[in-house]
Amino acid sequence: MAKPQNPPAGQPDKISDLVKKWNWPEKMTVVGSPVKRLDGPDKVTGRAKYTFDINRPGMMYGKMIRSPHPHARIVSIDLTEAQKAPGVKAALNYKQAGAEVMYQGDPVAAIAADTEERVNDAARLVKVQYEVMPHVALVELAMAAAAPVVFKDGNVRPGMTQENGDLDAGFKDAAYTVEQTYSTHVITHVCMETHGSVCEWEGDKLTVWLSTQGVHGTAQQLAMALGIPQTNVRVICQYMGGGFGSKAQAGAEALMCAKLAKAAGAPVKMFMDRKEEHLDSGNRPSATASVKAGVSADGRLTAWDGQTWGTGGAGAGSNFPLPYIYDFPNRRRSHKDVFTNTGQQRPMRAPGHPQGSFLTEVLMDELADLVKVDPLEFRIKNCPPLAANAMWRSYLAEGGQLFGWEKRHPTVDQTPGPIKTGFGCAVNQWGGGGRASAARCEITPDGAVALKAGTQDIGTGTRTIVAMVTAETLGLPVSAITPMIGDTIYPACGNSGGSTTAASVMPPVRLAAGKALDALCARVGPALGVDPATLVATNGRIHVKDNPSKGMAWKDACRLLGTEMIATDAGWEIGMSSTGTSGCQFAEVTVDVETGIVKVKRVLVVQDCGIVMDKLTAESQVNGGVVGSLNFALYEDRILDRNTGQMVNPNMESYLLAGMSEMPKIEVHLKEQRERGVIGIGEPPTVSTAAAIACAVRNATGATIRSLPMTPQKVLEAMQQQKAGGLS
Amino acid sequence: MNPKDDQSKKPDVFNVSRRDFLKSASVGGLVTAVTAVAEVEAQAPGAQVIGPGEVPIQLNVNGKQINLRIEPRVTLLDALRMRADLTGNKRGCDRGACGACTMIVDGRTAYSCSTLAIEVQGKRIRTVDGLAEGNKLHPVQQAFCDADAMMCGFCTPGFVMATVGVLEKYPKATDAQLYKGLDGNICRCGTFPRILEAAMKVRGVSRG
């Protein structure tokens, strides 16, 4: 049994009587079943209004003017011509003359006009004079001794060195060592709905329709940036087209949209175009590890010594967990952040973990081959011991069986012909868990039920599980509940990030609904002449627990309220959620050794996540994690020109993303740990697919690919190296 | 027009998927062919000059006539989204790569972000907004809901229209035809397996 999650600051640290009464029951009928997404019909018909779909009366269109240079000083910004252009209603500086722009796409000014075409025309009339300065676009250029020092305190920020155990002793115990460099690249979030908002002022009150992962969090940011009380800012996000971590902050684009709306005296919609989205809405930092690792003759990891670095862009960090999960008893690591003239990173689905996973798992297969141990067995042997949040030994064994790992051939497929097949596997871990959030349940005399929570549905199905938990608690069908989310008029909930939404919001939803039912039973008890404590709600009735015939229908019970309504609030409490998940993935690939093209045939996932809320949407999230990691492994790449610092593929045709034909068969095995409550599943499934694919490519060909993405060119190069030097 | 399906009866030059196009474009053959067609059209005698100011246009959208005044450079997608409040179809990439804008024009799927509104006057335009009959979902829409073939849902209208497009052309589409019909669309949440599941389930089901 895992230690219950430590409560967030200011939250109760003891299991309350309320939680004791309303904690997740052993058996649930709605929660955990495959319930179809409630807003599915709205999404498939186009009725769902995303922020991008909000059209307000008299609305203007905003456009950001951005630096074309990766590094320059602004000499002057001249908005006068733009201001005179047809339809233009507002033009504002974001930066002032004298300021530096630090990356291509760094915002400089913003304008608004009555149509999108006209604002784009006017944007070309903004005259910004730049004094171009030396830049460093690529990590290796930034680190080079001769590199211009672009950042005030240097291009490289050294971190601390962490050391555990006795490194010398560890390497003395090693029968074999591997010394190699592993790296992952920068990718961008590529949200289908780009970053943007619609801002509308009424006096000193601001309404913002924002494509966001956190309505309350961004309301706070905007209020602070605008210098107005947070109570004057309402943020609404009913539907949002993907964030993956990049939409937890309001950003310059939302702030300038609000300022343009104020200046224009009209609502303004400002959305990034696809190029801006690639340049200035965050990215996953790169990661590189130069490693020496040792393994004993009997297949135990003995030592790991590594220098690591990465870039999170212009002034942002790049850390990641390493070595990932496996038990290297003696280890030393030092990390440095390298600054480059590129857009700053933002959290991206399981920040740090996909990098750590790839940088570790490929090495694991190399070490396993040196001691001639099956890589699955090798992993099981070197995983941390079993614990509720560390189930790898068990999941690897089970997953191997389900996957048919016994059919794996030793490294290099000897089958004749150009198509080679290989298997690989990799593990993952994630935190998740709950944090401060609140919910309100309202029951009206007509029997209607609303559950209000200022959370947001970023595509994970939050709206649906809010209704499911409420329905479960009140003994009603899901269709009887109206979930009301995505608006700061509802009780404050945290951002949807870090796989925390379900674990943060479902406990207060359950507790608020439980309190509401208690309040209703207080009316029903006297009417039935029974102690309210003996009452339960099932199948649309409130009745005596041991005597189902003594009770009344839900609607009749609510009628007892007369003209009053029940409104109960609850906050997040300890005891209904946990932090810490573990899982593993298996991949089968084919590699065409003539073209270097890798195809992923199937992926098998074993993943735990506490109590599954909605089986259907939970599995969808796992599918999505796998697909995201497949893109990371094989296709997507933010490609920069080293000389100009320009992104050369800021679009969706040469920034490659998998389509239907690239899809593997995905098999999902969710491992419920019901006693741990809710945990969250958004991120862990996207951690280890890329590593499993890389290991499978190595198994198929013998070529070890130590950097992502595994393009056909890299596969062919690695195969040539392998032919020249044998297995490394 | 920018047909994206592979069942066109039009010249072979359009008969390519996005990936085929990229492959061919890299060796230059297709680019030349497209240029050749475009040049022939541009040099046609008596070509009428429209714009650059706003011009009246009439579009037949979801069975209704819509009258708009737009600049000739306005795309079909932007005309409907920003001037007719038909916001069902989305703009993802704005250059014919992601498919979120997929509409059906005279029976063929088209990237409406790369189609000028003025050039589809007189054609039958169908958007996701007009697919359901009242509250009764189109079988493809129902199949998407049943299979949870969506997450954030922003790409969903495009995928729904692409699925409708391929299944109207091939009611009993083979797996290969389904893959091909859906290859022009991108889902960043990674919903593909269930989109395929939905498309396969609804294959052969006539409109209810």
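These numbers were taken from a predicted model, which means no experiment stands behind them.

The rules behind these values
Residues numbered from 1 in each chain as written. Chains lettered and ligands numbered in written order. Predicted model: local features only at pLDDT ≥ 70, side-chain atom pairs only at ≥ 80, totals over all residues. Contact = placed C-beta atoms within 7 Å. Helix = DSSP H or I, 4+ residues; strand = E, 2+ residues; numbered from the N terminus. Nonpolar A, V, L, I, M, F, W, Y, C, P; charged D, E, K, R; others polar. Domains from an automatic or database assignment. Pairing = 2+ DSSP bridges. Axes fitted to C-alpha atoms, helices over the stretch in contact; angles between N-to-C directions. Buried ≥ 20, exposed ≤ 12 C-beta atoms within 10 Å, placed from the backbone. Core = buried A, V, L, I, M, F, W, Y, C linked by C-beta atoms within 7 Å. pLDDT = per-residue confidence, 0-100. Parallel < 35°, antiparallel > 145°, perpendicular 65-115°, else oblique. Left-handed = near helix turned anticlockwise from the far one by under 90°. Expected span 1.5 Å × (residues − 1).

Draft legend 1. Up close: the interface of chain A and chain B. Counting from both sides, the interface comprises 46 residues of chain A and, opposite them, 49 residues of chain B. Per-element tally for the side of chain A that touches chain B: the top contributor is helix α16 (residues 615-634) of chain A, with eight residues. Of the residues belonging to the side of chain A that touches chain B, the class tally is 19 nonpolar, 16 polar and eleven charged.

Draft legend 2. Representation of the domain arrangement of chain A. All names here are of chain A. Split into domains, chain A comes out as domain 1 (17-30 + 434-571), domain 2 (51-66 + 72-133 + 195-271) and domain 3 (283-432 + 578-725). Computed from C-alpha coordinates alone, the two centres of domain 1 and domain 3 are separated by 41 Å. Every contact between the two is made by 15 residues of domain 1 and, on the other side, 16 residues of domain 3. Of all the secondary-structure elements, those providing two or more residues to the side of domain 1 that touches domain 3 are α13 (462-474) and α14 (501-528).

Draft legend 3. The sheet that holds strand β22 (residues 535-538) of chain A, seen in detail. All names here are of chain A. Spatially, the three strands line up as an open sheet ordered β22-β23-β24, and their pairing is antiparallel. In this open sheet, the two edge strands, each paired with only one partner strand, are β22 and β24 (547-553). For this sheet, the mean angle separating the axes of adjacent strands, direction not counted, is 35°. In this fold α14 packs onto β22, β23 (541-544) and β24, with an angle of close to 115° to the strand it touches most, β22.

Draft legend 4. Local environment of the environment of A:Gly422. Residues and elements named next belong to chain A. When you line up the elements, glycine 422 lands in strand β18 (residues 419-430). For glycine 422, a count of 25 C-beta atoms within 10 Å translates into the label buried. Taking the C-alpha atoms as reference, glycine 422 lies 42 Å from glycine 105; in sequence the two are 317 residues apart. Excluding residues that lie within four positions of it along the chain, glycine 422 makes contacts with Asp413, Val589, Val591, Ala696, Val697, Arg698, Asn699 and Ala700.

Draft legend 5. Representation of the nonpolar core in the model. All names here are of chain A. Formed by 273 residues in total, the largest nonpolar core has its most connected members in Ile111, Val268, Ile693, Ala694 and Val697. Tallying contributions element by element places α14 first for this core, with 13 residues. Setting aside chain neighbours within four positions, we find valine 697 in contact with Gly422, Val589, Val591, Val598, Ala703, Ile705, Met710 and Val715.

Draft legend 6. Representation of the pairing of β24(A) within the structure. As paired elements, β23(A) and β24(A) share four bridges and run antiparallel to each other. Pairing of A:Val544 across the sheet is with A:Asn547, part of β24(A).

Draft legend 7. Examining the pairing of β23(A) more closely. Residue and element names in this part refer to chain A. In this structure, β22 lies alongside β23, joined through four bridges in antiparallel fashion. Following the sheet pairing, threonine 538 is matched in β23 by arginine 541. The turn joining β22 and β23, which pair antiparallel and follow one another in sequence, is formed by two residues; a positive phi near 50° is taken by asparagine 539. Connecting β23 to the next strand, β24, in antiparallel fashion are two residues.

Draft legend 8. Looking closely at the confidence of the model for chain B. Residues and elements named next belong to chain B. For chain B, mean pLDDT is 85; residues scoring 70 or higher make up 77% of the total. Low pLDDT (under 50) marks residues 1-16, which in the prediction has 38 contacts with non-local residues, meaning those over four places away or in another chain. Every residue in residues 18-38 is under pLDDT 50, and counting partners more than four places away or in other chains gives 17 contacts. In the model output, the complex is listed with pTM 0.93 alongside ipTM 0.96.

Draft legend 9. Spotlight on the sheet that holds strand β21 (residues 481-484) of chain A. Residues and elements named next belong to chain A. Taken in spatial order, the four strands make up an open sheet running β21-β20-β19-β25, and their pairing is mixed. In this open sheet, the two strands that pair with only one neighbour each are β21 and β25 (566-571). Taking each pair of neighbouring strands and ignoring which way they run, the sheet shows an average axis angle of 15°. As defined by bridge partners, strand β20 (residues 449-452) adjoins β21 across four bridges and the pair is classed as parallel. If you follow valine 449 over to β21, its bridge partner there is isoleucine 481. Those strands touched by α13 are β19 (438-443), β20 and β21, and its axis lies near 140° from that of β21. The strands touched by α14 within the sheet are β19, β20 and β25, with β25 carrying the most contacts at an inclination of about 145°.

Draft legend 10. Representation of the domain arrangement of chain B. All names here are of chain B. The assigned domain composition of chain B is domain 1 (12-42), domain 2 (55-128) and domain 3 (139-202). Distance between the C-alpha centres of domain 2 and domain 3: 21 Å. Here the side of domain 2 that touches domain 3 takes three residues from strand β3 (residues 102-105), the largest share from any one element. Along the lines of polarity and charge, the residues of the side of domain 2 that touches domain 3 split into six nonpolar, seven polar and one charged.

Draft legend 11. Main features of the packing of helix α4 (residues 139-147) of chain B against helix α7 (residues 192-202) of chain B. Residue and element names in this part refer to chain B. Between α4 and α7, the shortest axis-to-axis distance is 8 Å and the interhelical angle comes to 135°. In terms of orientation, α4 lies oblique with respect to α7. Crossing hand, α4 versus α7: right-handed. Of α7, the residues touching α4 (which contributes Pro139, Val140, Ala143, Phe144 and Ala147) are Arg194, Glu197, Ala198, Lys201 and Val202. Within the contact of α4 with α7, the residues separate by chemical class into seven nonpolar, no polar and three charged.

Draft legend 12. Summary view of the packing of helix α11 (residues 375-382) of chain A against helix α12 (residues 392-403) of chain A. Residues and elements named next belong to chain A. One way to put it is that α11 packs onto α12 with a least axis distance of 9 Å and a crossing angle of 165°. Comparing their axes, α12 and α11 come out roughly antiparallel. In this structure, the crossing between α11 and α12 has a hand that is left-handed. Touching Leu376, Arg379 and Ile380 of α11 are Arg393, Leu396, Ala397 and Gly400, all from α12. Among the residues forming the contact of α11 with α12, the class breakdown is four nonpolar, one polar and two charged.

Draft legend 13. Representation of the environment of A:Lys43. For A:Lys43, the location among the structural elements is in helix α2 (residues 40-45). Each C-alpha atom, one on A:Lys43 and one on A:Tyr239, is 9.0 Å from the other, the two residues being 196 residues apart in sequence. A:Lys43 has contacts with A:Ala48, B:Met150, B:Gly153 and B:Thr156, leaving out every residue within four places of it along the chain.

Draft legend 14. Molecular detail of α13(A). Residues and elements named next belong to chain A. Taking 1.5 Å per residue as the helical rise, α13 with its 13 residues ought to reach 18 Å, and the 18 Å between its terminal C-alpha atoms agrees with that figure. Most of α13 is tucked away: 13 of the 13 residues are buried. Two residues or fewer past α13, glycine 475 is found with a positive phi of approximately 65°.

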